[in-house]
Amino acid sequence: MARATARDRRRLPAALAVPAVAGAAFLVLPLIGLLARAPWTDLGSLLRSPVVADALRLSLFCATLATGLSALLGIPLAWVLARSTSRFVALLRALVTVPLVLPPVVGGVALLLTLGRTGVVGQYLDRWFGISLPFTTAGVVVAEAFVAMPFLVVTVEGAFRSADRGLEEAAATLGASRLFALRHVTLPLIVPSLLAGAVLSWARALGEFGATITFAGNFPGRTQTMPIAVYLAMESDPGAAIALALVLLVVSVAVLAALRDRWLPRGGAV
Amino acid sequence: MSAELPSRAQSRGSDVRSRAQGLHAANGTPERRPTGLVIDGQVERGAFRLDLSLDLAPGRVTGLLGPNGAGKTTALRTICGLTPLSSGSIRLDGIPLDDVNAEIFVPPERRPVGVVFQDYRLFPHLDVRGNVAFGARARGVGRESARAAADAWLERLDLSGLATRRPAELSGGQAQRVALARALATEPAALLLDEPLAALDARTRLGIRAELRAHLRTFAGPVVMVTHDAVEALVLADDLVVIEGGRVTQRGSPNEVARRPRTDYVARLMGVNLYRGSLDRSTHTVELLGGGRLVVTGADQLRDVADVLVTLAPTAVTLHAERPDRSSPRNVWAGVVRAMEPLGERVRVEVAGPPDALVDVTPAAVADLALRPGSQVWLSAKATETYAA
């Protein structure tokens, strides 16, 4: 890049250059606008204001729990998807990745109809255990995990598929059960993919809006997460909204940086 | 492997490993006489079919020889349980490991069978000690005693200095020894090796081969070693089984198989004369154990001069009716034709020396020299084709 050759300096055709510049501006300008209007001087106090601080704390708490739940259920699910030779596994894989493309609001409605107080499953949770998930912090975690878990499952399943099966076989000949081999051979070897999947689903959970507000509502301190707080604060307290938006932007950039070797291979592969 | 459990019953084999270990307690001295490994079964996968019938005695090394795709590795995988039989049975010391009719299938983790894989398959995230301790840990032995047991094996295989190294930091020969230590540390009743020397370069292979030979000699149970290298088979194996196209085409001692090859593959593969002896560095001459001496090439690279192997291809030996001019071929000796075997377009002639030799000649040469059993002949071989190994 430092020393461009004559060949590199050939003019770009305008028919490509103009829309390319417009496209880049379209993606980058809003971020610059956000930074330009950020209340930098008041940022510290804004972030410490009760509404912002509560939303921030709740969001970090719920996104982390949702990621933990995703890992707890998603890693075994990914293993089954990767290792099963059953004919139904392709169908199962398609079904569990539906939340990836489903509009989150639809997910929230579906959760409400299933886990709500009168829902298909929820009525029994309520009747037998006295558990009611909608409009609670636990509901936030459930909604976020519903949307975020497929990211972890897809990432980890890929890692299981490309993991060296030979090592699991070697472990078996040494007396290791499949569970022991998974815990002591395969999982340690796919830690980078586990982390990537966890970061990805954590970021998705942190930004979750539609499913959360539909299933868990909007109670400050209980279910009002950052994205919801940003949306509502734009009406009443734009400064706080921008402060929260900045936090989410910083988190997104940090996630991108953490995963850059994975998702953005350097040097533009051909 | 699939996520479903193997469909055949597993319960009966649950204690095979512990029982078989008892047989080899106290430094490999059997408490009761182990009966070895008996395989009589078939594996079918699509169009491929492997048909095995083997009876392998404890304390003997059986070389499984064959071309690529013949089914050698599949044979090993059935013994250790990574591939189930389609029909028939496998018994180790009288205990069924796989018996299709009786619906017995002992999964690999419960079989008392140690495996050294071709690419070793060391766990890259564990150090050498962790690799060797893995078997004990997998069977519920505590961390400390597993490490102590592993250290004893590291000591035995001269690996103590490498205990904290990662597999990526090992040479090929070291990795092979670690793989062997890891397999032996589970105290298996049978040991399987898949081309144990194939991943090594020619230079280190010689030393490692001698070491491996010594370790295999001390193992009490049956050893099965897959190879497609004739010298490896001749040096390491007590018995040879040749597999071609999924079928056993020949079995016998290495010498029998080399002398009377039954298929073209065996003839080409086992077409090697192998001698042992001691080297005189100054003259590049090896004094052979069975009598006679050979001038050799490649002697400069050897470390141990007391026990040297010499290989000589049957096609590199020439037969003469009269004593040949000594000027160019450096090795000349007299012999008597013992037997002759047609071998495709050639004739393999077995000549009594010393040293004895297999010689491949054309049918025209047989006619020219009027060769028949009992014929007096002279043999010659260039030193440049007589390799010290």
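Residues numbered from 1 in each chain as written. Chains lettered and ligands numbered in written order. Predicted model: local features only at pLDDT ≥ 70, side-chain atom pairs only at ≥ 80, totals over all residues. Heavy atoms only, no water.

Novice: Give me the overall build of chain B: which residues, what numbers.
Specialist: Secondary structure summary: chain B contains eleven helices and 21 strands in total. Buried residues in chain B amount to 52% of all 389 residues. For chain B, the exposed surface amounts to about 17,100 Å²; the carbon and sulfur share of it is 48%. (Helix = DSSP H or I, 4+ residues; strand = E, 2+ residues; numbered from the N terminus. Buried < 20%, exposed > 50% of the residue type's maximum accessible area, 1.4 Å probe, protein only. Areas by Shrake-Rupley, 256 points an atom, 1.4 Å probe, with all protein chains shown as cover.)

Novice: Tell me about the pattern of salt bridges, and please be specific about residues and values.
Specialist: Evaluation of the coordinates by the stated rule reveals 18 salt bridges over all chains. Here B:Arg49 ties to B:Asp51 by a salt bridge, and the two come within 3.7 Å at their closest N and O atoms. Classification of B:Asp51 by relative accessible area gives partly exposed; the value is 30%. If you follow the salt bridges from partner to partner, you end up with A:Glu169, B:Arg77, B:Asp119 and B:Arg121 in one network. (Salt bridge = Lys/Arg side-chain N within 4 Å of Asp/Glu carboxyl O.)

Novice: Report on the interface of chain B and chain A, specifying residues and quantitative values.
Specialist: On the side of chain A, 23 residues touch chain B, which itself brings 26 residues to the contact. At the boundary of chain B with chain A, the tally comes to two salt bridges. Across the pair B:Arg77 and A:Glu169 runs a salt bridge whose closest N-O atoms are separated by 2.8 Å. Looking at the side of chain B that touches chain A, the elements with two or more residues in it are helix 3 (72–80), strand 7 (113–116), helix 4 (128–138) and helix 6 (172–184) of chain B. In terms of residue count, the dominant contributor to the side of chain B that touches chain A is helix 4 of chain B (four residues). Of the residues that constitute the side of chain B that touches chain A, the class distribution is 14 nonpolar, four polar and eight charged. (Contact = heavy atoms within 4.5 Å. Nonpolar A, V, L, I, M, F, W, Y, C, P; charged D, E, K, R; others polar.)

Novice: Hey, could you go over the nonpolar core for me, with residue numbers and the actual values?
Specialist: Generally speaking, a soluble globular protein has its nonpolar side chains buried in company with each other. All names here are of chain B. Val132, Leu180, Leu191, Leu193 and Met270 are the most contacted members of the largest nonpolar core, which totals 54 residues. Per-element accounting of this core gives the leading share, seven residues, to helix 6. Those residues in contact with Leu191, other than ones at most four positions away along the chain, are Gly114, Leu180, Ala183, Leu184, Leu216, Phe219, Pro222, Val223 and Val224. The next biggest cluster of nonpolar side chains, apart from the first, holds 40 residues, and it includes Ile79, Phe117, Ala190 and Val224. (Core = buried A, V, L, I, M, F, W, Y, C linked by side-chain atoms within 4.5 Å.)

Novice: Tell me about the packing of helix 9 (residues 165–173) of chain A against helix 10 (residues 178–189) of chain A, and please be specific about residues and values.
Specialist: All names here are of chain A. The geometry of helix 9 relative to helix 10 is characterised by a closest axis approach of 10 Å and an angle of 155° between their N-to-C directions. One way to sum up the angle between helix 9 and helix 10 is to call them roughly antiparallel. The two elements helix 9 and helix 10 meet at a crossing, and its hand is right-handed. When helix 9 is examined against helix 10, the residues Leu167, Glu168 and Ala171 are found in contact with a partner set consisting of Ala181, Val185, Thr186 and Leu189. A per-class count over the contact of helix 9 with helix 10 returns five nonpolar, one polar and one charged. (Axes fitted to C-alpha atoms, helices over the stretch in contact; angles between N-to-C directions. Parallel < 35°, antiparallel > 145°, perpendicular 65-115°, else oblique. Left-handed = near helix turned anticlockwise from the far one by under 90°.)

Novice: Summarise the sheet that holds strand 21 (residues 386–388) of chain B; cite the residues concerned and give the values.
Specialist: Residue and element names in this part refer to chain B. Pairing in this open sheet of five strands is antiparallel, and the strands run 14-13-12-15-21 from one edge to the other. Across the chains shown, the open sheet's two edge strands, defined by having one partner strand only, are strand 14 (293–295) and strand 21. On average, adjacent strands in this sheet sit at an angle of 40° to one another, irrespective of strand direction. Looking at chain direction, strand 15 (residues 308–312) and strand 21 are connected through three bridges and run antiparallel. Bridging across to strand 21, Val310 finds its partner in Ala388. (Pairing = 2+ DSSP bridges.)

Novice: Report on the packing of helix 4 of chain B against helix 6 of chain B, specifying residues and quantitative values.
Specialist: Residue and element names in this part refer to chain B. One can describe the packing of helix 4 onto helix 6 by two numbers: an axis separation of 7 Å at closest approach and a directional angle of 30°. One finds that helix 4 runs roughly parallel with respect to helix 6. In the crossing of helix 4 with helix 6, the sense of the turn from one axis to the other is right-handed. Residue-level contacts link Val128, Asn131 and Val132 of helix 4 to Val178, Ala181 and Arg182 of helix 6. When its residues are assigned to classes, the contact of helix 4 with helix 6 shows four nonpolar, one polar and one charged.

Novice: Break down a nonpolar patch on the surface for me, with residues and values.
Specialist: Residues A:Phe26, A:Leu27, A:Val28, A:Leu29 and A:Ile32 make up a contiguous nonpolar surface patch of roughly 540 Å² in combined accessible area. Among the secondary structure elements, A:Phe26 is positioned in helix 1 (residues 14–37). (Patch = residues over 30% accessible without salt bridge, like charges linked within 9 Å, V, L, I, M, F, W, Y side chains within 5 Å.)

Novice: Tell me about the side chain of B:His320, and please be specific about residues and values.
Specialist: Mapping B:His320 onto the fold places it in strand 16 (residues 317–320). Among the polar contacts listed, one links the side chain of B:His320 to the side chain of B:Ser380, at a separation of 2.7 Å. (Polar contact = N/O pair within 3.5 Å; in protein donor to acceptor, adjacent residues only side chain to side chain.)

Novice: So, the pairing of strand 7 of chain B: which residues are in play, and what are the values?
Specialist: All names here are of chain B. Covered by surrounding structure in strand 7 are Val113 and Val115 together with Gly114 and Val116, the residues of both alternating faces. Pairing of strand 7 with strand 8 (residues 190–194) involves four bridges; the strand directions are parallel. Bridge assignment links Val116 to a residue of strand 8, and that residue is Leu193.

Novice: Give a detailed account of the sheet that holds strand 17 (residues 331–343) of chain B, specifying residues and quantitative values.
Specialist: All names here are of chain B. Read from one edge to the other, the open sheet built from five strands follows the order 16-20-17-18-19, with strand pairing classed as antiparallel. In this open sheet, the two strands that pair with only one neighbour each are strand 16 and strand 19 (357–361). With strand direction ignored, the average angle separating the axes of adjacent strands in the sheet is 45°. As defined by bridge partners, strand 18 (residues 346–352) adjoins strand 19 across five bridges and the pair is classed as antiparallel. Across the sheet, residue Val347 finds its bridge partner in strand 19, namely Val361.

Novice: Requested: an account of the packing of aromatic side chains, with residues and values cited.
Specialist: Residue and element names in this part refer to chain A. Going through the model one piece at a time under the given rule, you end up with five aromatic pairs over all chains. With 5.0 Å between their ring centres and 45° between their planes, Tyr124 and Trp128 make a pair best called tilted. Within this pair, Tyr124 and its partner Trp128 are both found in helix 7 (residues 122–129), separated by four residues, close to a single helical turn. The class for Tyr124 is partly exposed, based on a relative accessible area of 34%. Ring geometry for Phe135 and Phe219: centres 6.5 Å apart, planes at 90°, overall edge-to-face. Separated by 84 residues along the polypeptide, Phe135 in the loop between helix 7 and helix 8 (137–162) and Phe219 in the loop between helix 12 (210–215) and helix 13 (226–236) bring together distant segments of the chain. (Phe/Tyr/Trp six-rings, centres within 6.5 Å; stacked < 30°, edge-to-face > 60°.)

In short, the description is geometric, and any link to function would need to be established separately.
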